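What follows is each chain in one-letter form.
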Amino acid sequence: MAVIQWYPGHMEKARREMNEKLKAVDLIIELRDARIPSASRNPLIQEMAPDKPRIIILSKCDEADPAETKNWIRFLNTECRLCMAVDLMNDPKIGKKIAAAAVSVMKPERERMEKKGIHPRAVRAMAAGIPNVGKSTMINRLKGKNTLRAEDHPGVTRSLTWVHADPQLDILDTPGVLWPKFEDDRTGSLLAAMGSINDEIIDKKMIAMDTIHIIQDLYPGILESFYESGTVNPNGMLKAIAAKYHILKQGEPDTKQAASSFLNDLRKGRIGRFTLERTNEENLSE
């Protein structure tokens, strides 16, 4: 398993700024990647705001395994006020759904204010999560137009920005933030595979082989069918990918370039819908 750590200075700066803004925030909207719901959990969010109401949004659910997404929603509902899976790119009503969920979660607090004769202002929420998980895209959907720049790679958002996203919801966009030390190598490898870590600092071949091994274990035969290979180990799969895409170097399969092609196929959802982590079944039954 590849060993990765990535916590550049701008993330520490963003973490401090987020911590300073928490007093003005009613609600945390934590975005995670539906394909890696555990690896994409940033423990700093819980540490910074343990008492704030929280919604967990599983983004990119259109690229995840639907059955596993249902399991994860059941599992994660035990640690937050609400967990929901969203397709930010293709659901035209997703902005209204998220705004309604935020207002619903804050309803008890708003009703207490009304009983005291205080007219509740718009809910103030902080959108938080790892890089490249869809925070800016979510806010654009809430706003109904592309107010914020959103691209399919980490590090685009560098500052905290308030957006009046809905008549009942003001939302603070924040930079994607990781944490100083990943608890295990698998977490870092999965984050890298899904594009939440700068590609320039990773060994793509190692990350690709780690991910191929996981997919072959969880979804036997899917890669072999897509890349038209026999039963092979991860390095053999990279050779098959090189053969399929005619990626050669001095007449031999270029497995390094094939790894880049595989990660691109995976991130774009071309191979199929995958969830690369499973819930703890004992916890699900509680």
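Residues numbered from 1 in each chain as written. Predicted model: local features only at pLDDT ≥ 70, side-chain atom pairs only at ≥ 80, totals over all residues. Heavy atoms only, no water.

Peer 1: Could you give me a rundown of the overall build of the protein chain, with the residues and numbers involved?
Peer 2: Looking only at helices and strands, the protein chain features twelve helices and eight strands. Its C-alpha atoms put the protein chain at 75 × 40 × 35 Å along the principal axes. Going through the 286 residues of the protein chain one by one, you find that 54% of them count as buried. Contacts spanning at least 24 positions in sequence make up 69% of the contacts within the protein chain whose residues lie at least 6 apart. A total accessible area of about 13800 Å² is found for the protein chain, and carbon and sulfur atoms account for 48% of it. (Helix = DSSP H or I, 4+ residues; strand = E, 2+ residues; numbered from the N terminus. Buried < 20%, exposed > 50% of the residue type's maximum accessible area, 1.4 Å probe, protein only. Contact = heavy atoms within 4.5 Å. Areas by Shrake-Rupley, 256 points an atom, 1.4 Å probe, with all protein chains shown as cover.)

Peer 1: Would you mind going over unusual backbone geometry in detail, with residue names and values included?
Peer 2: Its identity is not glycine, yet K60 carries a phi of approximately 60°, on the positive side. Tracing the backbone through its elements, the reader meets K60 in the loop between β2 (54-59) and α3 (66-76). Within the chain, Q250 stands out as a residue other than glycine whose phi angle is a positive 55°. The topology assignment puts Q250 in the loop between β7 (248-249) and β8 (252-253).

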